[in-house]
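# Per-entry structural report
The residues making up each chain are set out below.
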Amino acid sequence: MHSKVDPAILEALGLEPTSSKLVSHGGSGFSSTFKLIADKDGEQLTYFVKTGHGHEAEVMFRGEHTSLNALYSVDPSLNFVPRSHAHGPMQSSSSKFFLVTDFLDLGSSAPGGTGLSLAAKLAKVHTTPAPIPPGFSKPMYGFPVPTCCGSTEQDNTWTESWAEFYAERRLRSILREGLRKNGPDGELSAAVEKVASVVVPRLLGGDHLKGVFPVVVHGDLWSGNHGRGKIGGKGGAEEVVYDPACVYGHSEYELGIMRMFGGFGSAFWREYERLVPKAEPKEEFEDRVALYELYHHLNHFALFGGGYRSGAMSIMRKLIAKYGQ
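All of the points below concern the structure found in this document.

Here is what the cut-offs are and how they apply
- Starting from 1, residues in each chain are numbered consecutively following that chain's sequence as written.
- Restriction of local features to residues with pLDDT of at least 70 applies here, the model being predicted, together with a cutoff of 80 or more for giving and counting side-chain atom pairs; totals for whole chains, interfaces and linings are based on all residues.
- Values shown for side chains rest on all heavy atoms present in the structure; no hydrogens or waters enter the calculation.
- Interaxial angle, 0 to 180 degrees, is taken between N-to-C directions of lines fitted to C-alpha atoms, where a helix line uses only the stretch in contact.
- Numbering of helices and strands runs from the N terminus, with a helix taken as a DSSP run of H or I at least four residues long and a strand as a DSSP run of E at least two residues long.
- Should an angle fall under 35 degrees it is taken as roughly parallel, and over 145 as roughly antiparallel, whereas 65 to 115 is taken as roughly perpendicular and any remaining angle as oblique.
- Take the far helix as your reference; a near helix turned counterclockwise from it by less than a right angle gives a left-handed crossing, and one turned clockwise gives a right-handed crossing.
- For this analysis, residues touch if any pair of their heavy atoms sits within 4.5 Å.
- Nonpolar residues are Ala, Val, Leu, Ile, Met, Phe, Trp, Tyr, Cys and Pro. Charged residues are Asp, Glu, Lys and Arg, and all others, Gly as well, are polar.
- We call a set of buried residues a nonpolar core when its members are Ala, Val, Leu, Ile, Met, Phe, Trp, Tyr or Cys and they connect through side-chain atoms within 4.5 Å of each other.
- The buried label goes to any residue with under 20% of its type's maximum accessible area, the exposed label to any with over 50%, and the partly exposed label to all in between, with areas taken from a 1.4 Å probe on protein chains only.
- Stacked, tilted and edge-to-face are the three classes assigned to paired rings of Phe, Tyr and Trp, where Trp is represented by its six-membered ring and a pair needs centres within 6.5 Å; plane angles under 30 degrees give stacked, over 60 edge-to-face, the rest tilted.
- Charge-over-ring placement is defined geometrically: NZ (Lys) or CZ (Arg) within 6 Å of the ring centre, and within 35 degrees of the ring normal.

Attention now moves to the packing of helix α5 (residues 186-204) against helix α9 (residues 308-323). When two helices pack together, you describe them by how their axes are tilted relative to each other and by the distance separating the axes. Contact geometry for α5 and α9: axes closest at 9 Å, N-to-C directions at 45 degrees. Relative to α9, the element α5 is oriented oblique. Both α5 and α9 take part in a crossing whose hand is left-handed. Contacts between α5 and α9 involve E187, L188, A191, V192, K194, V195, V198, V199, R202 and L203 from the first element and R309, M313, M316, R317, L319, I320 and Y323 from the second. By residue class, the composition of the contact of α5 with α9 is 12 nonpolar, no polar and 5 charged.

Given below as structure tokens:
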């Protein structure tokens, strides 16, 4: 069944209503999703459209738009993410918002792609220094806009110190959200504060962690946000990622959620670790990844409650026993 394309979307893309149609496509827990098919200058174009209601949708779509284009801008020739074309309020309702990206034909086996592996593409992203934000004289940790990991809004205020950013903008922030959703929890609160105030500076402090600089990190790279497909109906099949919640941060931060849910095989890890050396001190690498995984346990506790608390507590007990004394 075809839906009418909102005039704000048509205007943003420079399309005519008579040559554009919107078809329901897939599904999302946070938005309605569509495939937009249009003819422009004799060429058929395909886009992916998300729509949603209220402030949450506005923040989520702005964050995803900025995230996709931050990943895309590292090296457009990678063909690693669908480019985002527009986001904003719909004309039909000021409380409804849209996001338009390249359409991603997942499952395509079309020939003619770059042939680059997921590890090679991610390594390029994770070794390319972040741009300098406006108003600053050097790259910073953070992101120009808030982003959403699941439905959790993330504060990405620019910060000079990665340890400070991770302690305040990730661990303490997600604890507050978890307590708001699930009620007071003295044991969890004390453990998170111990990790944020003692373990994070010990493992991530600037005088200790060597050779780290801000790079763009996808931020929600579990296996469900990775696939193989053709972008925008052009070229061949590619290793692609989508639904990002980006931050300019330490590249190893990416690995926390990748380890948490698995799905990335040994061949990926071997190639990635060859291309992106572990930060010094290397002997603390596994503990750093556990520290980064902790955020996602706490986020899932905030989102879903229940068993994710025990996973967070287990990680924190081990880190506190080793570094928190």
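Having seen the model, we can carry on.
The next point concerns the side chain of S251. Structurally, S251 is set in the loop between β13 (247-249) and α6 (253-261). Contacts of S251, omitting those with residues within four sequence positions, involve H126, V215, V217, Y272 and V276.

Attention shifts here to the nonpolar core. Ranked by internal contacts, the top residues of the largest apolar core, which has 40 residues, are Y166, L171, L204, L291 and M316. Residue assignment for this core shows that the elements contributing at least two residues are α4 (162-182), α5, β10 (215-217), α8 (285-304) and α9. Ranked by residues supplied to this core, first place goes to α5 with 9 residues. Leaving out residues up to four positions away in the same chain, Y166 has contacts with L171, V200, L204, Y253, L291, Y292 and Y295. In this structure, L118, A123, F143 and F285 belong to the second largest nonpolar core, which totals 29 residues.

What follows concerns the packing of aromatic side chains. Using the criterion set out here, one finds 17 aromatic pairs in the structure. Aromatic pair F143 and Y248: ring centres 5.4 Å apart, planes at 40 degrees, arrangement tilted. Note that F143 is positioned in the loop between α3 (118-126) and β8 (147-149) and Y248 in strand β13, a separation of 105 residues in sequence. Given the relative accessible area of 9%, Y248 is considered buried. Aromatic pair W158 and Y248: ring centres 6.3 Å apart, planes at 20 degrees, arrangement stacked. Here W158 is found in the loop between β9 (152-154) and α4, whereas its partner Y248 is found in strand β13, with 90 residues between them in sequence. Residue W158 is classed as partly exposed on the basis of its relative accessible area of 22%. One aromatic cluster in this structure is built from Y141, W162, F165, Y166, Y253, Y292 and Y295. A cation sits over an aromatic face here: K35 above F103, 4.5 Å from the ring centre. Above the plane of the ring of W269 lies R259, whose end atom (NZ or CZ) is 5.2 Å from the centre.

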